Amino acid sequence: MNNWKKRTSGWIFISHSSKDFEYVRKVRDYLEDSGFSTLMVYLKSLDDPTKENQMKQILKWEIEARNIFVLCESEDALKSPWVKWEIDHVESLTGKIVTKINIDKLKYKKCTELSKLDNLMNRATIYSIYSREDKSKVNRILDDLNSIGFRIFEDTASMKLGNDTSQKLNSSINAIAEQGVVLIFLSKNALNSEWFWKEKEIALDERVFILPIILDDVNLGNFSAFTNIQCLNLNNRRIDSKVISEIAVAIDRKKTSNN
């Protein structure tokens, strides 16, 4: 199971009408060929109304456990009380990535509709700024983001502060300006990191999208540049799929607004 998790590009719940099963299977195959783990089910047990609550609980757990929700829209799906229930539940959650695909159009515009799913695989490039003392925690976050389609810009840790540092950092940050987001991890360790402050100032000077992330109970007042910017606060939160999904949604929103 652990090896499977490492190979998976993301965990997807596919919401659909059972009447569209054959066409939805094309969606599932496309996603799995791209490295995703998908859940697409036809529950025969639902024919027994006495088991409805049990099945809802299982589906509820799966929707919550998976970071991506793909809705296969169709006339039959709109009539399905189960699809409506799944949509209502995912909309009540935070940090979920929701993508829609039109099954009726898929029947005659297969390539056009399936291409909508490519956004799950062609996501923003991430440049990260953090104290090297936070490297373990930050790498955990970056690895999880990479597993759901984000590209991680090559770490610049091998650089040394010197006369040409600013030029190298400018070049690196500019390289992701159009298709990227800079994650700046704010922490107590960062307060005393010369490298952190150097990168931060360059990022603020460039025309890039920045998402500040608070790692611990550091006083935000020590980072005056971010007091009026919405930050994602991870202090006292476990790094799990919900947190990663929240970061992913915030990045996707920034990238979309840039486009």
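Residues numbered from 1 in each chain as written. Predicted model: local features only at pLDDT ≥ 70, side-chain atom pairs only at ≥ 80, totals over all residues. Heavy atoms only, no water.

Asks: How should I be thinking about the packing of helix α3 (residues 52–65) against helix α5 (residues 81–91) in this particular structure?
Replies: For any two helices packed against each other, one specifies the crossing angle of their axes together with the interaxial distance. One way to put it is that α3 packs onto α5 with a least axis distance of 11 Å and a crossing angle of 45°. As far as their axial angle goes, α5 and α3 are oblique. Where α3 crosses over α5, the two elements pack in a sense that is right-handed. Contact with α3, carried on its side by E52, M55, K56, L59, K60, I63 and E64, involves W82, W85, E86, H89 and V90 of α5 and no other residues of that element. Residues that form the contact of α3 with α5 fall into these classes: six nonpolar, one polar and five charged. (Axes fitted to C-alpha atoms, helices over the stretch in contact; angles between N-to-C directions. Helix = DSSP H or I, 4+ residues; strand = E, 2+ residues; numbered from the N terminus. Parallel < 35°, antiparallel > 145°, perpendicular 65-115°, else oblique. Left-handed = near helix turned anticlockwise from the far one by under 90°. Contact = heavy atoms within 4.5 Å. Nonpolar A, V, L, I, M, F, W, Y, C, P; charged D, E, K, R; others polar.)

Asks: Just to check I follow, could you spell out the pairing of strand β8 (residues 209–214) for this structure?
Replies: On a regular strand, each side chain points to the face opposite its neighbour's, so the side chains alternate between the two faces of the sheet. Counting buried positions along β8 yields five of six residues, so the element is predominantly enclosed. Of the strand pairs in this sheet, strand β7 (residues 180–186) and β8 are connected by six bridges, and their pairing is parallel. Across the sheet, I184 pairs through a bridge with P212, a residue of β8. Pairing of β8 with strand β9 (residues 232–233) involves two bridges; the strand directions are parallel. Looking across to β9, one finds that I214 is bridged to N233. (Buried < 20%, exposed > 50% of the residue type's maximum accessible area, 1.4 Å probe, protein only. Pairing = 2+ DSSP bridges.)

Asks: Just to check I follow, could you spell out the pairing of strand β1 (residues 11–15) for this structure?
Replies: Burial of β1 is extensive: four of the five residues sit out of reach of the surface. Where β1 meets strand β2 (residues 37–39), three bridges bridge the pair, whose relative direction is parallel. Looking at the pairing, F13 lines up with L39 of β2.

Asks: Help me understand the side chain of D20, please; the structure alone is not making it clear to me.
Replies: You can see D20 is positioned in the loop between β1 and α2 (21–33). It is K107 that comes nearest to the buried, bridge-free D20 among opposite-charge side chains, at 4.7 Å. Other than its neighbours up to four places away in sequence, D20 contacts S74, D76, A77 and I103. (Lys, Arg positive; Asp, Glu negative; His and termini not counted. Salt bridge = Lys/Arg side-chain N within 4 Å of Asp/Glu carboxyl O.)

Asks: Looking at this structure, I do not really get the sheet that holds strand β3 (residues 68–73). What am I missing?
Replies: Hydrogen bonding along the main chain pairs the strands of a sheet, whether they run parallel or antiparallel. In space, the four strands of this open sheet follow the order β2-β1-β3-β4, with parallel pairing throughout. Looking along the sheet, the strands with just one partner apiece sit at the ends: β2 and β4 (97–102). Going from strand to strand, the sheet's axes swing by 25° on average, the running direction of each strand aside. The pairing of β1 with β3 spans four bridges and is classified as parallel. By the bridge assignment for β3, F13 is matched with F69.

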